[in-house]
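Summary of the model geometry
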Amino acid sequence: MGKLIYGSSGIEIEFDDRTLTHLQIVIAAKLRRRESFFFSWKDDPAVGDGRSSIWLDASIPLYFKYAGGRVPAINRDWLEVLTASSNGSGGLQFSEEPRGPVTPATHGTGNGLTTTPATVR
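Scope of this entry: the structure provided in the associated data block.

For the rest of this paragraph, the subject is the pattern of salt bridges. Within the structure shown, the criterion is met by six salt bridges. Glu 12 serves as the salt-bridge partner of Lys 3, at 3.1 Å between the closest nitrogen and oxygen. For Lys 3, a relative accessible area of 26% gives the class partly exposed. According to the relative accessible area criterion, Glu 12 is partly exposed, its value standing at 22%. When the shortest N-O distance is used, the salt bridge between Glu 97 and Arg 18 registers 2.8 Å. Separated by 79 residues along the polypeptide, Glu 97 in the loop between strand S6 (92-93) and strand S7 (119-120) and Arg 18 in helix H1 (residues 17-32) bring together distant segments of the chain. Given the relative accessible area of 26%, Arg 18 is considered partly exposed.

Right, let's get into the packing of H1 against helix H2 (residues 76-86). Between H1 and H2, the least distance of the axes is 10 Å, while the angle of their chain directions is 45°. Regarding the angle of H1 to H2, the classification is oblique. Crossing handedness for the pair H1 and H2: right-handed. Of the residues in H2, those touching H1 at Arg 18, Thr 19, His 22, Leu 23, Ile 25, Val 26 and Lys 30 are Trp 78, Leu 79, Leu 82, Thr 83 and Ser 86.

What counts, and where the lines are drawn
- Residues numbered from 1 in each chain as written.
- Predicted model: local features only at pLDDT ≥ 70, side-chain atom pairs only at ≥ 80, totals over all residues.
- Heavy atoms only, no water.
- Salt bridge = Lys/Arg side-chain N within 4 Å of Asp/Glu carboxyl O.
- Buried < 20%, exposed > 50% of the residue type's maximum accessible area, 1.4 Å probe, protein only.
- Helix = DSSP H or I, 4+ residues; strand = E, 2+ residues; numbered from the N terminus.
- Axes fitted to C-alpha atoms, helices over the stretch in contact; angles between N-to-C directions.
- Parallel < 35°, antiparallel > 145°, perpendicular 65-115°, else oblique.
- Left-handed = near helix turned anticlockwise from the far one by under 90°.
- Contact = heavy atoms within 4.5 Å.

Structural data, given as structure tokens:
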């Protein structure tokens, strides 16, 4: 499991390396443009089975720590889904990698995509 370490708070959010790579691409693109936004995800049942959100801004240091040494293949469809979400009023809403081709019906909220819980420590 990889980790997104949020600012100086020491909050560690665990995602598998493939997921973390896709999130890093989307988050970096927004922060390069100096866009601040919320990032939200469903918590793992081990930490309460709720939802969490963090505010992301270019002034807040982020550290992406990967468990493995290989960079995974990038799924452009997943990047499109995550990017579309990040541009909405609710900010980046994490969703699991889509299965099969992405169509306009699978974009946005209530898109039928499932969410993978994240562990926050």
